[in-house]
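# Analysis of the macromolecular model
Spelled out, the chains give:
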Amino acid sequence: MLNDLQKVERLAKLAVHEGEDRIVTASELAEELANQPKAPSVATGFPELDKLIGNVEYGELVLISGPTGGGKSSLMRSITKHLSKSQHCLWFNFEDTNKQFLSRFDFNPPLFYMPRQNLDNTVVWMNDRIDEANEKGHKIGVVFIDHLHAILSQMRFQGNLSMEIGDIVQKIKDFATQKNLVVFLGAHCLDLADKSII
């Protein structure tokens, strides 16, 4: 517990704080950001989607959500076909066996990378595979993760589902930002009728 003198000293330090996390007006930040060069981005290859969301900037996490069988994986595979022409893509497929997954490309996939086997499903393991790919010279720019709920292991589940999912998504967003990647993350949605994840 801080005594009165410690509280005054703490507040005095905060009054002159100039770190990157200092409080500024939204106008100041807007002016600074408006003067920055436009960030590099990628188009999904779907003109209507690109028109709707704009191109996706590096460092962004794009969540693709829908019911089971709703086309999330198909959409991500289609985006892969387009992006692999100009980007090095890395896939984490937790939905199907590798044989099933590659059969969706008629065993003639575009150039992208993937683990030979999924020996884990943690964010740390995926982060290591991204680093491995980059160290091998593949210069990954786009990552596909299919799907979020496979990362949420019941064995590691600690309590509040919403907080667990939020924590995992934040960790994925962090590596997207730190590694300057575009990450497409598939996720099942909540069935509002029975409150279960479908």
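Owing to the predicted nature of the structure, the values given are computational and were not obtained by experimental measurement. (Residues numbered from 1 in each chain as written. Predicted model: local features only at pLDDT ≥ 70, side-chain atom pairs only at ≥ 80, totals over all residues. Heavy atoms only, no water.)

## Notes on the packing of helix α6 (residues 123-135) against helix α8 (residues 161-178)
The axes of two packed helices give the description: the angle between them and the distance between them. What counts, and what does not: Helix axes are fitted only over the stretch in contact, all axes being lines through C-alpha atoms; the angle between N-to-C directions runs from 0 to 180 degrees. Numbered from the N terminus, helices here are DSSP runs of H or I no shorter than four residues, and strands are runs of E no shorter than two. Small angles under 35 degrees read as roughly parallel and large ones over 145 as roughly antiparallel, with 65 to 115 read as roughly perpendicular and the rest as oblique. Helix crossings get a hand from a simple test, with the near helix turned counterclockwise from the far one by less than a right angle marking a left-handed crossing and a clockwise turn marking a right-handed one. Contacts are assigned to residue pairs that have any heavy atoms within 4.5 Å of one another. Under this grouping Gly is polar, as are all residues other than the nonpolar Ala, Val, Leu, Ile, Met, Phe, Trp, Tyr, Cys and Pro and the charged Asp, Glu, Lys and Arg.
Here α6 crosses α8 at 15°, and the two axes come no closer than 10 Å. Our classification of the angle between α6 and α8 gives roughly parallel. The two elements α6 and α8 cross, and the hand of that crossing is right-handed. Listed contacts from α8 to V123, N127 and I130 of α6 are I168, K171, I172 and F175. The class makeup of the residues in the contact of α6 with α8 is 5 nonpolar, 1 polar and 1 charged.

## Remarks on the pattern of salt bridges
Side chains that carry opposite charge are capable of pairing whenever their charged atoms lie near each other. To keep things clear, this is the line we draw: One side-chain nitrogen of Lys or Arg within 4 Å of one carboxyl oxygen of Asp or Glu is enough to make a salt bridge. For the exposure calls, accessible area comes from a 1.4 Å probe over protein chains only, and a residue counts as buried if that area is under 20% of its type's maximum, exposed if over 50%, partly exposed in between.
A complete count under the given rule lists 6 salt bridges for this structure. A salt bridge links D131 to K179; the nearest nitrogen and oxygen atoms lie 2.5 Å apart. Here D131 is found in helix α6, whereas its partner K179 is found in the loop between α8 and β6 (182-188), with 48 residues between them in sequence. Judged by its relative accessible area of 32%, D131 is partly exposed. According to the relative accessible area criterion, K179 is partly exposed, its value standing at 25%. Residue K136 is joined to E132 by a salt bridge in which the shortest nitrogen-to-oxygen separation is 2.6 Å.

## Details of the pairing of strand β5 (residues 142-146)
Rules: In short, DSSP must find at least two bridges between two strands for them to pair.
Within β5, 5 of the 5 residues are buried, which leaves the element mostly enclosed by the surrounding structure. Across the two faces of β5 the burial is the same, with V142, F144 and D146 and V143 and I145 all buried. Pairing of β5 with β6 involves 5 bridges; the strand directions are parallel. Directly across from V142, in β6, lies its bridge partner V182.

## Thoughts on unusual backbone geometry
In this model, D146 is joined to H147 through a cis peptide bond whose omega is 20°. Within the fold, H147 resides in the loop between β5 and α7 (148-151). Phi is positive for D106, which is not a glycine, with a value near 55°. Of note in the backbone geometry, F107 takes a positive phi value of approximately 55° without being a glycine. With respect to the helices, strands and loops of the structure, F107 is situated in the loop between α5 (98-103) and α6.

## Comments concerning the packing of aromatic side chains
We count it as follows: When two rings of Phe, Tyr or Trp (its six-membered ring) have centres within 6.5 Å they constitute a pair, described as stacked for plane angles under 30 degrees, edge-to-face for angles over 60, and tilted for the intermediate range.
Summed over the entire model, instances satisfying the criterion amount to 7 aromatic pairs. Seen from their ring centres, F144 and F184 are 5.1 Å apart, and the 10° between their planes marks the pair as stacked. Linking F144 in strand β5 with F184 in strand β6, this pair joins segments that are 40 residues apart in sequence. In this pair, the class of F144 matches that of F184, namely buried. Counting every residue linked through ring pairs, the aromatic cluster contains W91, F101, F105, F112, F144 and F184.

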